[in-house]
Amino acid sequence: MKKMSFWVILPLLIGAVACQSTSSTDDKTSQTDTTQMNPFAADAAFLQKHHTDLVTLQDGEAQVLICPAYQGRIMTSTADGQTSYGWINRELIESGKFGPHMNAFGGEDRFWLGPEGGQFAIYFKPGVEFNGDNWQTPAPIDSEPFALVSKDDRSARFSKDFELTNYSGTKFSVGVEREIHLLRPEQIRMVLGADGVPMSDSLKVVGIESVNTLINKGKNPWTKEKGLLSIWILGMYNASPEATIVVPFQPGKGQAVNDSYFGKVPASRLIQKDSVAFFKADANQRGKIGVPPARAKNWLGSYDPGSQTLTLVTFTFDPKNREYVNSAWEIQKEPYAGDVANSYNDGPMKPGQPQMGKFYELESSSPAAALQPQGRLTHTHTTLHIQGDETQLDKIARHWLGVSLEEIVNAF
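An account of the accompanying structure is given in this report. Everything numeric in this text was worked out from a predicted model, so none of it was measured. (Residues numbered from 1 in each chain as written. Predicted model: local features only at pLDDT ≥ 70, side-chain atom pairs only at ≥ 80, totals over all residues. Heavy atoms only, no water.)

Focus: the overall build of the protein
As a reminder, the rule being used: Numbering of helices and strands starts at the N terminus; helices are DSSP runs of H or I of at least 4 residues and strands are runs of E of at least 2. When accessible area is computed with a 1.4 Å probe and restricted to protein chains, residues below 20% of their type maximum are described as buried, those above 50% as exposed, and intermediate ones as partly exposed. Only heavy atoms enter the contact rule, under which two residues are in contact if any of them lie within 4.5 Å.
Counting its secondary structure elements, the protein contains six helices and 20 strands. In the protein, which comprises 412 residues, the share counted as buried stands at 57%. Considering only contacts within the protein whose residues lie at least 6 apart along the sequence, 71% involve residues at least 24 apart.

A few points about the packing of aromatic side chains
Here is the rule: Two rings from Phe, Tyr or Trp (for Trp, the six-membered ring) form a pair when their centres are within 6.5 Å of each other. A pair whose planes differ by under 30 degrees is stacked, one over 60 is edge-to-face, and the rest are tilted. Here, over-ring charges are defined by two tests on the NZ atom of lysine or the CZ atom of arginine: distance to the ring centre within 6 Å, and angle to the ring normal within 35 degrees.
Under the criterion given, the structure shown has 16 aromatic pairs. Among the aromatic residues, those joined into a cluster by ring pairs are Trp112, Tyr123, Phe124, Phe130, Trp135, Tyr167, Trp232 and Trp329. Here the basic side chain of arginine 286 rests over the ring of phenylalanine 262, its NZ or CZ set 3.8 Å away from the ring centre. The ring centre of tyrosine 261 lies 5.1 Å from the NZ or CZ of lysine 288, which sits over that ring.

Quick word on the sheet that holds strand S18 (residues 341–345)
Here is the rule: Here the rule is simple: two strands pair whenever DSSP picks up at least two bridges between them. Helix axes are fitted to C-alpha atoms over the stretch in contact, other axes to C-alpha atoms as well, and angles between N-to-C directions run from 0 to 180 degrees.
Across the sheet, which stays open at both edges, the five strands sit in the order S6-S11-S19-S18-S15 with antiparallel pairing between neighbours. What marks the edges here is a single partner per strand, and that holds for strand S6 (110–114) and strand S15 (287–291). The average angle at which neighbouring strand axes cross in this sheet is 20°, direction not considered. One ladder, built from five bridges, connects S18 with strand S19 (residues 359–365); its direction is antiparallel. Each residue of the ladder has a partner; that of alanine 341, found in S19, is serine 364.

Some thoughts on the pairing of strand S10 (residues 203–216)
Remember that side chains alternate between the two faces of the sheet whenever the strand is regular. The buried fraction of S10 is high, at twelve of 14 residues. Of the strand pairs in this sheet, strand S9 (residues 171–182) and S10 are connected by nine bridges, and their pairing is antiparallel. Across the sheet, valine 176 pairs through a bridge with leucine 214, a residue of S10. Relative to strand S20 (residues 376–388), S10 is paired through 13 bridges, and the arrangement is antiparallel. Looking at the pairing, leucine 203 lines up with glycine 388 of S20.

Brief notes about the pattern of salt bridges
To be explicit about the condition: By definition here, a salt bridge exists when the distance from a side-chain nitrogen of Lys or Arg to a carboxyl oxygen of Asp or Glu is within 4 Å.
Following the criterion strictly, the structure yields 14 salt bridges and no others. Among the salt bridges present, the one from aspartate 59 reaches arginine 154, with a minimum N-O distance of 2.3 Å. Taken together, the positions of aspartate 59 in strand S3 (residues 55–59) and arginine 154 in the loop between strand S7 (147–151) and strand S8 (155–165) put the pair 95 residues apart, joining distant regions of the chain.

Considerations on the nonpolar core
Note the following rule: Only buried Ala, Val, Leu, Ile, Met, Phe, Trp, Tyr and Cys residues count toward a nonpolar core, and they belong to the same one when joined by side-chain atoms within 4.5 Å.
With 54 residues, the main nonpolar core has Ile66, Val174 and Leu214 as its most contacted residues. Those elements giving two or more residues to this core turn out to be S3, strand S4 (62–67), S6, S8, S9, S10 and strand S11 (230–238). When sequence neighbours within four positions are dropped, the list of residues in contact with leucine 214 reads Leu113, Val174, Gly175, Val176, Trp222, Leu229, Ile231, Ala369, Leu371, Gly375, Arg376 and Leu377. Ranked by size, the runner-up nonpolar core spans 24 residues in total, among them Tyr237, Ala243, Val257 and Phe315.

Some words on the environment of alanine 121
Here alanine 121 shows up in the loop between S6 and S7. The exposure class assigned to alanine 121 is buried, which follows from its relative accessible area of 0%.

Some words on unusual backbone geometry
The omega torsion across glycine 114 and proline 115 is 5°, close enough to zero to call that bond cis. The residue proline 115 is located in the loop between S6 and S7 in this model. In this structure, glutamine 71 is a non-glycine residue whose phi angle is positive, near 65°. With respect to the helices and strands, the residue glutamine 71 is situated in the loop between S4 and strand S5 (73–78). Despite not being glycine, glutamine 308 shows a phi value in the positive range, around 50°.

Notes on helix H5 (residues 390–401)
Note the following rule: Under the rule applied, a polar contact is a pair of N or O atoms within 3.5 Å (in protein, one hydrogen donor and one hydrogen acceptor; residues adjacent in sequence only if both atoms are side-chain atoms).
Every buried residue belonging to H5 is among Gln392, Leu393, Asp394, Ile396, Ala397 and Leu401, and all of these are buried. Regarding H5, its N-cap is aspartate 389, as a side-chain oxygen of that residue lies 3.2 Å from the backbone nitrogen of threonine 391 further along. Phi turns positive, to about 80°, at glycine 402, one or two residues after H5.

Description of the sheet that holds S3
Strand order across the open sheet formed by three strands is S3-S4-S5, with antiparallel pairing between neighbours. At either margin of the open sheet sits one strand with a lone partner, and together these are S3 and S5. Recorded for the sheet is a direction-independent mean angle of 15° between the axes of neighbouring strands. Against the sheet, helix H2 (residues 39–50) makes contact with S3, S4 and S5, and its axis sits at roughly 150° relative to S5, the strand it touches most.

Thoughts on the environment of lysine 204
Its location among the elements puts lysine 204 in strand S10. Judged by relative accessible area, lysine 204 falls into the partly exposed class, the value being 36%. For the pair formed by lysine 204 and histidine 385, sequence separation is 181 residues and the distance between their alpha carbons is 8.1 Å. Residue contacts for lysine 204: discarding those within four places in its chain leaves Glu61, Ala79, Asp80, His385, Ile386 and Gln387. Side chain to side chain, lysine 204 and glutamate 61 meet in a polar contact 2.6 Å long.

Some points on the side chain of lysine 288
Following the sequence through the fold, lysine 288 ends up in strand S15. The class for lysine 288 is buried, based on a relative accessible area of 1%. At 3.1 Å, the side chain of lysine 288 and the side chain of glutamate 363 are in polar contact.

Interpretation note: all reported values are geometric properties and have no functional meaning in isolation.
Printed below as a string of structure tokens:
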């Protein structure tokens, strides 16, 4: 989510929807509120009720739920068969209607494209003013389904072809290929590495990889002068009063953390140290941060002590490539000076106003895609939820985020 003043006109509230299951032991058995017993089972039942084509990937207790109707979006996952990690906008889904400007269905890995604003924006029609009334998410990445190409127990493949026109009038013929993989234990170990962070039976883990490919299906090359696109993956997770986002970054000159998206984030909610930033994930105050390519690392994370869950996000990143699309809602001096990694915490636009929901986000972007006809750019975004023994979680946090669990928990 870049600069989003459209929240003023899009107050989507998360609804309280109770999913019921009936025991088959006898006809008089009362229904049980599965939302209290098993959040993941309740989310699965809710999504299956509204989307009969829901795709489930499973390996024992580890499961992933994917919705083709929402662009092959990973709605939620679980490591232990009970905890549900993805935020789901039940009220919007249950309504069966599309809203204006954007349909925030939720989900912990959704496919979007950038840039949002600027002279090469794809969320504004040519010549209009950059404001919430004119902001519109392109239908192919908002309200139109992706075709399910194939699936098995551990993977699903989707595709979509469509046309876009940017703010400057440049037309794009776009192809998207999206693959979702439920990682095997040995693949998770490869992602984490074997040096000092061995996995143990005391941990429950689910690993999800989305491989996203952008294709120039047109006859003309995509050029910087006329505007470029980028892949933008956003994950929406259930917020918690004690949850904290961790954003490591490289030492060096220049700004490491950009917190100017919605106005400066107060020090009570964002703490920046030499090589890491801590950002509250409580969904009590709206704010967003980003890291530019000169300072970025390809890891983000969060920790929720309530469920003892460490979430790690890693993504493909070439530190030599400094050209990322800029999504600021203005005609830009530097249209390719955008951020690589972002995090968003939801909250009311103003005191007393409704908010979208109790969620936070971890996001990654690909570089700007200067593609020849039939050229391809692939961006891989991997999410790991690791739940259980804090001693083991501490080792993993130290290795990949550069901080201990104690530092995370006591950051604020």
